[in-house]
Amino acid sequence: MSPVSPPPAGARRIRARVEGVVQGVGFRPYVYRLARSLGLGGFVRNDARGVMIEIEGDGAAVDRFLQRLASEAPPLATVERVLPQEIAAAHEREFAIVESAGGSEPNALVSPDAATCEGCLAELFDPADRRFRYPFINCTDCGPRFTIVTGVPYDRSRSTMAGFVMCAACRAEYDAPGDRRFHAQPNACPSCGPAAVLVPGGKTSGDWAGVPDAVYAAARALAGGAIVAVKGLGGFHLACRADDQAAVAALRARKQREDKPFALMVRDLAAARELVHLLSEEAVLLLSRERPVVLCRRRRDAAVAPAVAPTSHQLGLMLPYSPLHHLLLADVGVPLVMTSGNVSDEPIAYGDEDARGRLAGIADCFLLHDRPIHIRTDDSVARVVRHPAGGRPVMLRRSRGYVPASLELPVTTRPLLACGAELKSTFCLARGRRAWLGHHIGDLQNFETLRSFTEGIAHFERLFAVRPEIVAHDLHPDYRSTSYAQEREGVILVGVQHHHAHLAACLAEHGERGPVLGVIFDGAGYGLDGTVWGGELLLGGLDGFARVGHLRAARLPGGDRAAREPWRMACAWLVEALGRVPQVPPGIAGRVEPKAWQAVAELTRSGVAAPVTTSVGRLFDAVAALCGLTLRTSYEGQAAVELEYLASTEETTPYPLRVDDAPVDGAAGGLVLDARDTVLCAARDIEAGVDPSVVSARFHEAMAAAVEEACLLVADRRGVRTVVLSGGVFQNRRLLERAIQRLEGGGLRVLTPERVPPNDGGIAFGQAVIAAVKVESLAAEPG
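Values in this document were obtained by computation on a predicted structure and should not be read as measured data.

Things to note about the pairing of strand β12 (residues 314-318)
- The buried fraction of β12 is high, at five of five residues.
- Burial along β12 is two-sided: the residues Q314, G316 and M318 and L315 and L317 are all buried.
- The sheet contact formed by strand β9 (residues 263-265) and β12 spans three bridges and is parallel. Across the sheet, the residue bridging to L264 is L317, located in β12.
- Bridge count between strand β11 (residues 293-298) and β12: four bridges; the pairing is antiparallel. Directly across from C296, in β12, lies its bridge partner L315.

Okay, here's the thing in structure tokens:
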């Protein structure tokens, strides 16, 4: 359907309201050129709701203008609706861009930051161009947007570029209708714009000292083995040579990041292909204007230091997305580690003084600049999952490049805030039919991250004029996000079950309401019965659900400690399977004291300090420990990630995993996925000397086969033919691909998250959808 409604016949002057992402993307200059080319008079301006146009002239030319307006829009623009209205003629013959109008409630959409365009890149590396090697080159087609915007309507005065006055040359470009920088708000050059500077950190000398070009000096420092804190678009990176083991190891030690892989930045696709086996869909993601980190299968001969990704068969790669990055990669000539500028578990640093304080013990020097960052925004992370119909992206972290693009709601809602979960925290603001899922915050485990969470909410509330009347939250009483929600005054509070939120987020992303069967596998979520859920079969939709199946429960010996020490889950599952205290298995023997093993077994048998859980994430931990992988994790999900990487691609025989008829939550006709034999088979294979890669593969196949069997049973009994696969466990590409193949092979339709993360980064969107539906339903009830 065309976004343009036909104007009244014979109209000579039309007022057209344009909604969508139309500010800060070159839309007004585009409208100016289009109107002038058709001989139309009138004006265009930004306002708090988007763009307002008045055009006047020949009726046929006006019609052509409206027909072309959306279809020929600039690359960064998204025209959602054009609402034309006939008005009285004003007899204007000239067309102009006029001053933005404020004062009304903001409803304009803000564009995400966009990677440097080809036009700017050509100028950046052209010695004859006046912006040669200028690290802040941009135009209407690229550059910073969300991270510099302080308010709407979007103009230079409402951005962190307000303090930079354009020189005569830049002003001439800004005022010239035919120029690529016509009304480009961040427009600047070396004479009038931001400037970069390299300052010392922990190391005060080097062969870069005294070099006038700050970016080149930083490249010299990197080439010599230094760790450099680099100020980018949404915050600081910590950078070093990816092929320098000493530098990477030093970065790990200083950052206190033991095992989690580092992201890499490479100059171009050719450099990427030297490190990874690149799928065509992965190349498309790398080249996209969003420029996420893309997880790809590493080459055996990849020239990267072992410390970059010590336990992974994958590398996370991204291409440069700012001119500063392009210069740095060109000058260094080798791939760089580009990891978040923080100490582990803290939010990314984005202010100069904050960075120099918090990162002083990590960085040898700081590549700074004087364009302020208004809101911190981490890099986004994605991977490609192969479907029978082709590869599809899966968003693992939705942040820079994607935020604050809005998502459509299936219902109209009053102003609403959803507070998300505890790990991989995000929030979501919504009103009308639009939701804004916030940028990645991190784990709400310290004051700094919680402050980032509250500051982000406040910024979005101002930017999009959302004054929440409804606040949705997780049911877990101890989540900091729940506490924050309950402290908001004068609002309707809506508690949302964790796994229902996962289901709803995926449904709403695909524009559906259900009913469907949701297979929601993750690490933990507070269940309706007060226990820890995590391996759920939910039948329902946006308006509710019934729990029709789950993984057989096991104990969590030591509570949350079991999530950090996978060997505890191996012990718990073996006790569950054998009905007695087992011997320490070969993959764990010698790495855990027998007395500690015995004590954990006794906790499991007694149930003391050992709550029950149906978590599939903890089942993955158990098998990972049996395979001899990490026994004590340094980041969330580590054991499961390592188990996925370990799995043989050749082995497709599944272990047994029973799907039994059993009452669920007191209701007959439910299903229980019993993994006791699965764990025993894995343990016996390891004891018999079977390669752990084969054990991992057989376990993955068992999980996929059980998903297929359970879904087909529910489909036959309940008549539901659509399945949603979501939750953090389905970040696992091996499991997800095999489950999709089996389900679609069995005639079922499968929905998976694509634009919204399957992990807890998508919870807030699901909460927002459920709360909106629930309040709508209550309002519709009589009386």
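Structure's up, so let's keep going.
Digging into the sheet that holds strand β18 (residues 428-437)
- Strands sit in the order β18-β17-β19-β20 across an open sheet of four strands; the sheet is mixed. Each end of this open sheet is capped by a strand with a single partner; those strands are β18 and β20 (492-496). Pairs of neighbouring strands in the sheet enclose a mean axial angle of 60°, with direction left out of account.
- Pairing between strand β17 (residues 407-418) and strand β19 (residues 470-474): three bridges, direction parallel. Each residue of the ladder has a partner; that of L416, found in β19, is I470.
- In the packing of helix α12 (residues 480-487) onto the sheet, contacts are made with β17, β19 and β20, and the angle to β19 comes to roughly 155°.

Here's the deal with the confidence of the model for the chain
- For the chain, the average pLDDT comes to 93, and 96% of its residues sit at 70 or higher.
- Predicted confidence for residues 4-9 stays below pLDDT 50, and this span has 10 contacts to residues more than four positions away or in other chains.

A look at unusual backbone geometry
- For the bond running from V403 to P404, omega is 15°, close enough to zero to count as cis.
- Position of P404 among the secondary structure elements: in the loop between β16 (390-397) and β17.
- The peptide bond linking G514 to P515 adopts the cis configuration, its omega dihedral lying at 10°.
- Relative to the helices and strands, P515 is located in the loop between α13 (498-509) and β21 (516-526).
- Backbone geometry places H91, a non-glycine residue, at a positive phi of 60°.
- Looking at where H91 falls in the secondary structure, it is placed in the loop between β4 (78-86) and β5 (95-97).
- Even without being a glycine, Q256 presents a positive backbone phi close to 60°.
- With respect to the helices and strands, the residue Q256 is situated in the loop between α6 (245-255) and β9.

Cut-offs applied
Residues numbered from 1 in each chain as written. Predicted model: local features only at pLDDT ≥ 70, side-chain atom pairs only at ≥ 80, totals over all residues. Heavy atoms only, no water. Buried < 20%, exposed > 50% of the residue type's maximum accessible area, 1.4 Å probe, protein only. Helix = DSSP H or I, 4+ residues; strand = E, 2+ residues; numbered from the N terminus. Pairing = 2+ DSSP bridges. Axes fitted to C-alpha atoms, helices over the stretch in contact; angles between N-to-C directions. Contact = heavy atoms within 4.5 Å. pLDDT = per-residue confidence, 0-100.

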